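So the chains spell out like this:
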Amino acid sequence: MVSPDPLLRRDVDAEAAAWLARLQDSDRSAATETAFKAWAHADPANEEAFERATEIWAMIPGAMLCADAPVSAPVPLPVRRSSGLRVTAFALAASLLLIVGAGSGWWLFARPIDYATRIGEQKVATLEDGSRVALNTDTEIDVAFEKDVRRVTLERGEAMFEVAPNPDRPFIVRAGDKLVKAIGTSFIVRREGSGVVVTLIQGKVSVSDVSAGAARPTLLAAGERLTAAGPNATPLIDQPALDAATAWRRGQAMFSDAPLAAAVVELNRYGGPRITIDDPHLASLRVSGVFATNDTAEFANAVAALHGLRVQKTGDELHLLR
């Protein structure tokens with residue numbers, strides 16, 4: 001039996017602990033409960049982590065005696081027959097928060113939660129407000145929700161956000177020097193170094209600089225994409241093919257007359273044998289088509305057949321040659 005990745009288990013355990021805190025908050029909403037159920041149903045590992053968390057809290061001596069605030073009613077749990085989750089764990093969780101947070105039940109709720117994927121991995125998470133976020137390959141975000149604002153920081157990579165509407169609690173994503181503000185919408189943010197790309201799928205978002213002050217933000221309409229190459233670069237706005245922009249959600253990369261060099265960079269993001277172009281004259285060749293992101297060899301062979309090239313495999317690299 002293969003042991004679970006300790007880093008993945010740590011992430012899931014952190015999420016489980018955060019859910020215990022959210023479900024005990026006095027402002028807990030139906031959306032929070034729905035989001036919790038979706039999270040628990042998404043993966044058996046989530047329910048197992050929640051069970052571990054409740055058992056740990058249950059073992060804290062005198063935990064119930066430290067709780068000086070009423071405990072809200074438990075939310076029905078999506079429990080499998082073998083789960084054994086305890087309803088009383090919610091009270092114990094609230095007690096632990098009072099102990100660790102020095103009287104503040106917001107200790108875990110306000111604590112940033114990290115979501116990350118490795119190269120070649122993708123992940124979908126449901127946030128406490130019911131919003132959903134899909135992380136593409138090699139991506140990391142930090143989520144820090146407060147009572148009056150929902151903040152997410154894209155540290156690196158690419159993520160698609162489907163935001164639960166709440167006009168009184170704006171949803172703001174920071175990527176580099178850009179702030180993307182949305183109220184009930186769907187959009188993609190990609191960050192590579194200092195470059196940021198924002199693609200609006202539906203709804204409305206505003207994009208501004210972190211240090212913009214009173215400067216008017218850029219408003220995007222559905223189907224528009226904002227590309228900022230760096231902090232001092234003038235943002236460019238165009239209208240890409242949305243099926244291409246969201247192709248990674250389907251495990252695909254779509255190109256329409258793209259330079260070979262750019263297509264290779266995109267495919268290499270997902271791992272597998274790395275494609276290398278040794279002859280700089282080949283970089284400007286054009287590529288069109290739909291390719292699986294988990295099969296760089298298939299892409300290399302297709303390009304070679306299209307342009308009369310050959311593929312030479314050396315170790316973990318695929319060289320495109322004349």
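Residues numbered from 1 in each chain as written. Predicted model: local features only at pLDDT ≥ 70, side-chain atom pairs only at ≥ 80, totals over all residues. Heavy atoms only, no water.

### Regarding the sheet that holds strand β17 (residues 310–314)
Link 1 in the chain: The strand order across the open sheet built from three strands is β15-β18-β17, with neighbouring strands paired in mixed fashion. Across the chains shown, the open sheet's two edge strands, defined by having one partner strand only, are β15 (274–277) and β17. Each strand of the sheet is rotated relative to its neighbour by a mean of 30 degrees, with strand direction disregarded.
Link 2 in the chain: The pairing of β15 with strand β18 (residues 317–321) spans four bridges and is parallel. In the strand pairing of β18, I275 is matched with L318.
Link 3 in the chain: Its contacts with the sheet put helix α6 (residues 260–268) on β15 and β18, and the angle it makes with β15 is roughly 160 degrees.
Link 4 in the chain: Set on the sheet, helix α7 (residues 296–307) makes contact with β15, β17 and β18; between it and β18 the angle comes to about 10 degrees. (Pairing = 2+ DSSP bridges. Helix = DSSP H or I, 4+ residues; strand = E, 2+ residues; numbered from the N terminus. Axes fitted to C-alpha atoms, helices over the stretch in contact; angles between N-to-C directions. Contact = heavy atoms within 4.5 Å.)

### Description of the layout of surface pockets
Link 1 in the chain: Size it by volume and the largest pocket reaches roughly 870 Å³.
Link 2 in the chain: Lining the largest pocket are 33 residues; nearest its centre among them are R190, R225, A244, A245 and E266.
Link 3 in the chain: Put simply, the parts of the chain that give the lining of the largest pocket at least two residues each are β8 (186–192), β9 (195–202), β12 (225–228), α5 (242–245), β14 (252–259) and α6.
Link 4 in the chain: By residue number, the principal contributor to the lining of the largest pocket is β14, which donates six residues.
Link 5 in the chain: Tallied by class, the residues present in the lining of the largest pocket amount to 20 nonpolar, five polar and eight charged. (1 Å grid on protein atoms, 1.4 Å probe; cavity = no way out; pocket = protein on both sides within 12 Å on 5 of 7 lines; lining within 4 Å. Points joined across faces, edges and corners; volume = space filled by probe spheres on them. Nonpolar A, V, L, I, M, F, W, Y, C, P; charged D, E, K, R; others polar.)

### Structural notes on the packing of α6 against α7
Link 1 in the chain: Where α6 meets α7, the closest approach of the two axes is 11 Å, and the angle between their N-to-C directions is 165 degrees. In terms of orientation, α6 lies roughly antiparallel with respect to α7. Here the hand of the crossing between α6 and α7 comes out right-handed. Together, L260, A263, V264 and L267 of α6 and T296, F299 and V303 of α7 make up the contact between the two elements.
Link 2 in the chain: Classifying every residue of the contact of α6 with α7 by side-chain character gives six nonpolar, one polar and no charged. (Parallel < 35°, antiparallel > 145°, perpendicular 65-115°, else oblique. Left-handed = near helix turned anticlockwise from the far one by under 90°.)

### Focus: the side chain of E224
Link 1 in the chain: Positionally, E224 belongs in the loop between β11 (218–220) and β12.
Link 2 in the chain: Lacking a salt bridge, the buried E224 has R225 as its closest oppositely charged neighbour, with an N-O distance of 11 Å.
Link 3 in the chain: Reaching out from E224, the side chain makes a polar contact with the backbone nitrogen of A221 at a distance of 2.9 Å.
Link 4 in the chain: Sequence-distant contacts of E224, defined by excluding residues within four places in its chain, comprise V198, T199, L200, L219, I237, D238, Q239 and P240. (Buried < 20%, exposed > 50% of the residue type's maximum accessible area, 1.4 Å probe, protein only. Lys, Arg positive; Asp, Glu negative; His and termini not counted. Salt bridge = Lys/Arg side-chain N within 4 Å of Asp/Glu carboxyl O. Polar contact = N/O pair within 3.5 Å; in protein donor to acceptor, adjacent residues only side chain to side chain.)

### Considering the pattern of salt bridges
Link 1 in the chain: Per the counting criterion, the structure on display carries 15 salt bridges.
Link 2 in the chain: Among the ionic pairs, E128 bridges to R169, the shortest N-O distance being 2.9 Å. A residue pair is termed long-range when its members are at least 10 positions apart, and E128 in the loop between β2 (123–126) and β3 (132–135) and R169 in the loop between β5 (150–162) and β6 (171–175) qualify at 41 residues. Each member of the pair, E128 as well as R169, carries the same accessibility label: buried.
Link 3 in the chain: In this structure, D138 engages R156 in a salt bridge whose closest nitrogen and oxygen atoms are separated by 3.0 Å. Taken as a pair, D138 in the loop between β3 and β4 (140–145) and R156 in strand β5 lie far apart in primary sequence, 18 residues in all.
Link 4 in the chain: Connected through salt bridges with shared partners, the residues E158, R190, E192, E266 and R269 form a single ionic network.

None of this, on its own, says anything about what the molecule does.
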